[in-house]
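The lines below spell out each chain.
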Amino acid sequence: MIEMTDVYKTYSNGVLAINGINVKIDQGEFVYVVGPSGAGKSTFIKMMYREEKPTDGKILINGVNLAKLREKKVPQLRRSIGVVFQDFKLLPKLTVYENIAFALEVIGEQPRVIKKKVLDVLDLVQLKHKARSFPNELSGGEQQRVSIARSIINNPGVVIADEPTGNLDPDTSWEIMNIFEEINNRGTTVVMATHNREIVNTMKKRVIAIEGGKIVRDEARGEYGIYD
Ligand code: ADP
Ligand code: ADP
């Protein structure tokens, strides 16, 4: 469902961030993306939801080539992909409920449907009791759970996460990882860039290692490797 063919990315400052990547990720897979800082992990991931455009090559997501996708079609693409960030990116002036409902309101979903969907995802991340709270009233782990709930509100086929446990302590990181595993168990593809060695080595999922903009390792039940 995600397929990159001969993908290159050079930023406008001349930095070659991705230097010829070929990869295929099937529906329902759980993939860790590892590698040293500056290796190109974020760029690799950003190209999957068209935050960055490749300079060359083909990126198919569910048959749509993101390299050629018109700008006005990007919002539609984003609804089929959930994205989770290290710093949560919740809207500070909106409640937990409103942060999650937002994506459904902009597409004109009925209030009744919105309420059911929001409460369902809040249930999954066990935060129904915090629906009326504001992000700054929550712990880091709770904020990340809200952000995960928001990412799956449109029932996307894939969830992409860039260092989702980067700001969290080890116990909280494991809670977050268990939620991603639950989402994956329901059939959603998960692609996650991480520096969390313990989690990667314990979970025994597919590991794609990137160094210098290239895939240097791709193992079905992989390990983190030698990186910091
Ligand atoms: P990683 O996520 O593995 O740390 P990145 O994809 O963020 O790697 O970065 C890969 C390379 O591209 C680095 O050399 C970085 O400095 C550069 N880079 C990343 N984003 C930009 C940008 N917006 N403009 C210019 N260079 C960038
Ligand atoms: P349940 O029927 O499962 O008990 P509720 O309708 O009581 O669910 O709602 C659970 C929480 O969700 C409430 O505490 C409330 O804070 C929040 N909530 C429900 N609907 C809205 C809404 N339209 N706007 C903001 N928050 C809401």
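Per an unreviewed UniProt entry, the protein carries the name Cell division ATP-binding protein FtsE and comes from Metabacillus indicus. Looking at the Subunit (unreviewed entry) heading of the UniProt record, one finds this comment for the protein: "Homodimer. Forms a membrane-associated complex with FtsX." As recorded by UniProt, the Subcellular location (unreviewed entry) comment attached to the protein reads in full: "Cell membrane".

**Q** So, the layout of surface pockets: which residues are in play, and what are the values?
**A** Approximately 620 Å³ is the volume found for the largest pocket. Surrounding the largest pocket, 21 residues form its lining, Arg 78, Ile 81, Val 83, Ala 103 and Arg 150 being those nearest its centre. Secondary structure elements with two or more residues in the lining of the largest pocket: helix 2 (74–78), strand 6 (81–85), helix 3 (96–105) and helix 5 (140–151). For the lining of the largest pocket, the element with the most residues is strand 6, which contributes four residues. Of the residues that constitute the lining of the largest pocket, the class distribution is 12 nonpolar, four polar and five charged.

**Q** A description of the site of ligand 2 should follow, citing residues and the corresponding values.
**A** Taken together, Tyr 97, Lys 115, Leu 119, Lys 128, Ala 131 and Arg 132 make up the full set of residues near ligand 2. At a separation of 2.8 Å, an oxygen atom of ligand 2 approaches a polar side-chain atom of Lys 115. When ligand 2 is considered free in solution it has 550 Å² of accessible area, and contact with the protein chains removes 52% of it. In terms of residue class, the shell around ligand 2 is made up of three nonpolar, no polar and three charged.

The rules behind each value
- Residues numbered from 1 in each chain as written.
- Chains lettered and ligands numbered in written order.
- Predicted model: local features only at pLDDT ≥ 70, side-chain atom pairs only at ≥ 80, totals over all residues.
- Heavy atoms only, no water.
- UniProt positions renumbered as here; feature names shortened; annotations may be inferred.
- 1 Å grid on protein atoms, 1.4 Å probe; cavity = no way out; pocket = protein on both sides within 12 Å on 5 of 7 lines; lining within 4 Å.
- Points joined across faces, edges and corners; volume = space filled by probe spheres on them.
- Helix = DSSP H or I, 4+ residues; strand = E, 2+ residues; numbered from the N terminus.
- Nonpolar A, V, L, I, M, F, W, Y, C, P; charged D, E, K, R; others polar.
- Near = heavy atom within 4 Å.
- Polar contact = N/O pair within 3.5 Å; in protein donor to acceptor, adjacent residues only side chain to side chain.
- Areas by Shrake-Rupley, 256 points an atom, 1.4 Å probe, with all protein chains shown as cover.

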